[in-house]
Amino acid sequence: MTLYGREFSLRQAVEVLPKLGTTVGRVWQRTLLDALIAPRRFGRTMPEFRRVSDSMFHPGIGDIEPAEIPGKGPIQMLSLDSGYGGMAPQDLYAVLRIIRWIKPRKIFEFGTFKGVTTSHLAINSEAEIYTLDLPRDQASDVRDYKIDDRNLLPSRDDIVETTERLGVYDHIHQLFGNSRTFDYNPYLKSMDLVIVDACHLYDYVMSDSRNAFELLGETGAILWHDFPTSLDVTKAIRSLSRRWPMLHVEGTRLALYLRGFSLHKHDGDLSKKRD
Ligand SMILES: C[S@@+](CC[C@H](N)C(=O)[O-])C[C@H]1O[C@@H](n2cnc3c(N)ncnc32)[C@H](O)[C@@H]1O
């Protein structure tokens, strides 16, 4: 059946229809009313309606609960908060559950920012961690950036602060450069986990994702942050999901791709192969 211009299977429709009674239902009612009686307001409401709908409906992308991610043992959380631009605690927690499960030996992170996620990766794994960021004074071509993305680029002072924070871990390697032009050759096909969380513009997310798939080894995972809240990240994940199976970690802003690991019980507990 077709809903909001998209094809839904009967099962998906049964899952999403109850949700129509809540947020989207209300926004939808308002939007339809506006379309009839206030076309100018309709023009203003439509983008918000689209955004809400897009964040709720992502056909073709599966859902998993963080609790479904296997693995035992403690997860350590630091009392550090990177504020706007960083990961919310529930997102970080889900990332760390994945770390505990797949036990990566090498991690590549697109977008260091203040190094809060990087520090958490370091205290929860023995992996060699490569984290890439674009210093503001090296960002010669960011005209297409939205103001939010531009503001996140670190100044020299930010970099000094982050380097001090990360310098205490000798398995963190800070890298600098533009993710679209960076030379990934030394790292190809060697990573067990890649985290894509740099510029959120569609072309950048797609370019970082293509590189993420090249960086990934025979087994491992790729995580994208800001799905389904960022329209561009969501569009990119939808596009990637036509080729690669994608999951949304419910209650978080994370999309997940697994290679050689499975969350289906009948496939056996593949996490054991790392022990
Ligand atoms: C959302 S923040 C990353 C948050 C971080 N992963 C965390 O969890 O705390 C995005 C980061 O990507 C960096 N960035 C933006 N464009 C980039 C690019 N073209 N290449 C590399 N890094 C970029 C920004 O400087 C910023 O630090």
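Residues numbered from 1 in each chain as written. Predicted model: local features only at pLDDT ≥ 70, side-chain atom pairs only at ≥ 80, totals over all residues.

Draft legend 1. Region of interest: the packing of helix H8 (residues 202–215) against helix H9 (residues 231–241). With their axes 8 Å apart at the nearest point, H8 and H9 run at an angle of 45° to one another. With respect to H9, the element H8 is oriented oblique. Two packed elements cross with a definite hand, and for H8 against H9 that hand is right-handed. When H8 is examined against H9, the residues Tyr202, Val205, Met206 and Ser209 are found in contact with a partner set consisting of Asp232, Val233, Lys235, Ala236 and Leu240. Partitioned by chemical class, the residues of the contact of H8 with H9 number six nonpolar, one polar and two charged. (Axes fitted to C-alpha atoms, helices over the stretch in contact; angles between N-to-C directions. Helix = DSSP H or I, 4+ residues; strand = E, 2+ residues; numbered from the N terminus. Parallel < 35°, antiparallel > 145°, perpendicular 65-115°, else oblique. Left-handed = near helix turned anticlockwise from the far one by under 90°. Contact = placed C-beta atoms within 7 Å. Nonpolar A, V, L, I, M, F, W, Y, C, P; charged D, E, K, R; others polar.)

Draft legend 2. Focus on unusual backbone geometry. That bond from Phe227 to Pro228 is cis: its omega, 5°, falls within 30 degrees of zero. Within the secondary structure, Pro228 is located in the loop between strand S8 (216–225) and H9. Backbone geometry places Lys103, a non-glycine residue, at a positive phi of 45°. Along the chain, Lys103 falls in the loop between helix H4 (89–102) and strand S4 (106–110). Even without glycine at this site, Phe113 takes up a positive phi of about 55°. Relative to the assigned elements, Phe113 resides in the loop between S4 and helix H5 (116–123).

Draft legend 3. Looking closely at the environment of Arg259. In this structure, Arg259 sits in strand S10 (residues 254–259). For Arg259, a count of 16 C-beta atoms within 10 Å puts it in the partly exposed group. Separated by 46 residues in sequence, Arg259 and Phe213 place their C-alpha atoms 10.0 Å apart. Once residues lying within four places of it in the same chain are set aside, the contact partners of Arg259 are Leu216, Thr219 and Gly220. (Buried ≥ 20, exposed ≤ 12 C-beta atoms within 10 Å, placed from the backbone.)

Draft legend 4. The site of the ligand, seen in detail. In the vicinity of the ligand lie 24 residues, with Gly111, Phe113, Thr117, Ser179 and Cys199 positioned nearest. For the shell around the ligand, the class distribution of residues is eleven nonpolar, eight polar and five charged. (Near = placed C-beta within 6 Å.)

Draft legend 5. Representation of the pairing of strand S7 (residues 191–196) in the model. Within S7, six of the six residues are buried, leaving the element largely enclosed by the surrounding structure. Of the pairings in the sheet, the one linking S4 to S7 comprises four bridges and is parallel in character. The partner of Glu109 across the bridge, within S7, is Ile195. Pairing of S7 with S8 involves five bridges; the strand directions are parallel. Paired with Met191 across the bridge in S8 is Leu216. (Pairing = 2+ DSSP bridges.)

Draft legend 6. Main features of H8. Counted at 1.5 Å a residue, the expected span for H8 with its 14 residues is 20 Å, and the 20 Å between its end C-alpha atoms agrees. Where H8 is buried, its residues contact S4, S7, S8 and H9. (Expected span 1.5 Å × (residues − 1).)

Draft legend 7. The packing of H4 against H5, seen in detail. At a closest axis distance of 10 Å, the pairing of H4 and H5 adopts a crossing angle of 30°. Considering their axes alone, H4 and H5 lie roughly parallel with respect to each other. Where H4 crosses over H5, the two elements pack in a sense that is right-handed. The segment H4 lies against H5, with Leu92, Val95, Leu96 and Ile99 engaging Thr117, His120 and Leu121.

Draft legend 8. Representation of the pairing of S8 within the structure. Summarising burial for S8: seven of the ten residues are buried, a large majority. In terms of handedness, the path from S7 via H8 over to S8 forms a crossover that is right-handed. In terms of strand pairing, S8 meets S10 through six bridges, oriented antiparallel. Residue pairing for S10: Trp224 is matched across the bridge by Ala255. (Right-handed = clockwise from strand over helix to strand, strands pointing away.)

Draft legend 9. Quick look at the nonpolar core. Within the largest apolar cluster, 49 residues are counted, with the highest numbers of intra-cluster contacts made by Ile98, Val194, Val196, Ala221, Leu223 and Leu254. With eight residues, H4 is the single largest residue contributor to this core. (Core = buried A, V, L, I, M, F, W, Y, C linked by C-beta atoms within 7 Å.)

Draft legend 10. View of the sheet that holds strand S9 (residues 247–249). Pairing in this open sheet of eight strands is mixed, and the strands run S3-S9-S10-S8-S7-S4-S5-S6 from one edge to the other. This sheet does not close on itself; its edge strands, each paired only once, are strand S3 (62–64) and strand S6 (172–176). Here the average twist between neighbouring strands, direction ignored, is 20°.

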